[in-house]
Amino acid sequence: QVRLKESGGGSVQAGGSLRLSCAASGYPQIMGWFRQAPGKEREGVASLDIIDGETKYADSVKGRFTISKDNAKNTLYLEMNSLNPEDTASYYCAADLTYRYGGSLSSIHYDYWGQGTQVTVSA
């Protein structure tokens, strides 16, 4: 069983930065960040596998977002830089007990989800 709780969302102007946090309980093998904007499907943003530390990123965020995990705190982070209005969405932390190299950007590979945190980027 894994429980997840996100924090760190908010409002920022274009070009700004935010850091999302996801406190986890349990021992997931992969973790990821997803986002969903109104009227759009949920999309994978970044993922990480706990064993190798390998990561995957959506093309839309490569070079701007960084996923990381503090194992001592069992907390996942998403550092978001150079934000633009297209990044506006609800952001969700996800985890799963099945190992996949680099994690996965597909929501079907995750059984555990946080409640989401809103990120709003104004022009």
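Values in this document were obtained by computation on a predicted structure and should not be read as measured data.

Let us look at the pairing of strand β7 (residues 65-70). Of the two faces of β7, only one is covered, namely that formed by Phe65, Ile67 and Lys69; the face formed by Thr66, Ser68 and Asp70 stays uncovered. As defined by bridge partners, β7 adjoins strand β8 (residues 75-80) across six bridges and the pair is classed as antiparallel. Each residue of the ladder has a partner; that of Asp70, found in β8, is Thr75. What sits between β7 and β8 in their antiparallel hairpin is a turn of four residues, with Asn74 showing a positive phi close to 50°.

A separate point is the nonpolar core. Membership of the largest hydrophobic core comes to 29 residues, with the highest contact counts inside it found for Leu4, Trp33, Leu78, Met80 and Tyr91. Going through the elements one at a time, β3 (18-25), β4 (30-36), β5 (43-49), β7, β8, β9 (89-96) and β11 (117-122) are the ones with two or more residues in this core.

It is worth spelling out the state of the cysteines at this point. Taken as a whole and assessed by the stated rule, the structure comprises one disulfide. Across a sulfur-sulfur distance of 2.1 Å, Cys22 and Cys93 are joined as a disulfide pair. Where Cys22 bonds to Cys93 through sulfur, the torsion about that S-S bond is close to -80°, and the disulfide is left-handed. Taken together, the positions of Cys22 in strand β3 and Cys93 in strand β9 put the pair 71 residues apart, joining distant regions of the chain. The two residues Cys22 and Cys93 agree in class, both being buried.

Analysis parameters
- Residues numbered from 1 in each chain as written.
- Predicted model: local features only at pLDDT ≥ 70, side-chain atom pairs only at ≥ 80, totals over all residues.
- Heavy atoms only, no water.
- Buried < 20%, exposed > 50% of the residue type's maximum accessible area, 1.4 Å probe, protein only.
- Helix = DSSP H or I, 4+ residues; strand = E, 2+ residues; numbered from the N terminus.
- Pairing = 2+ DSSP bridges.
- Core = buried A, V, L, I, M, F, W, Y, C linked by side-chain atoms within 4.5 Å.
- Disulfide = S-S within 2.5 Å.

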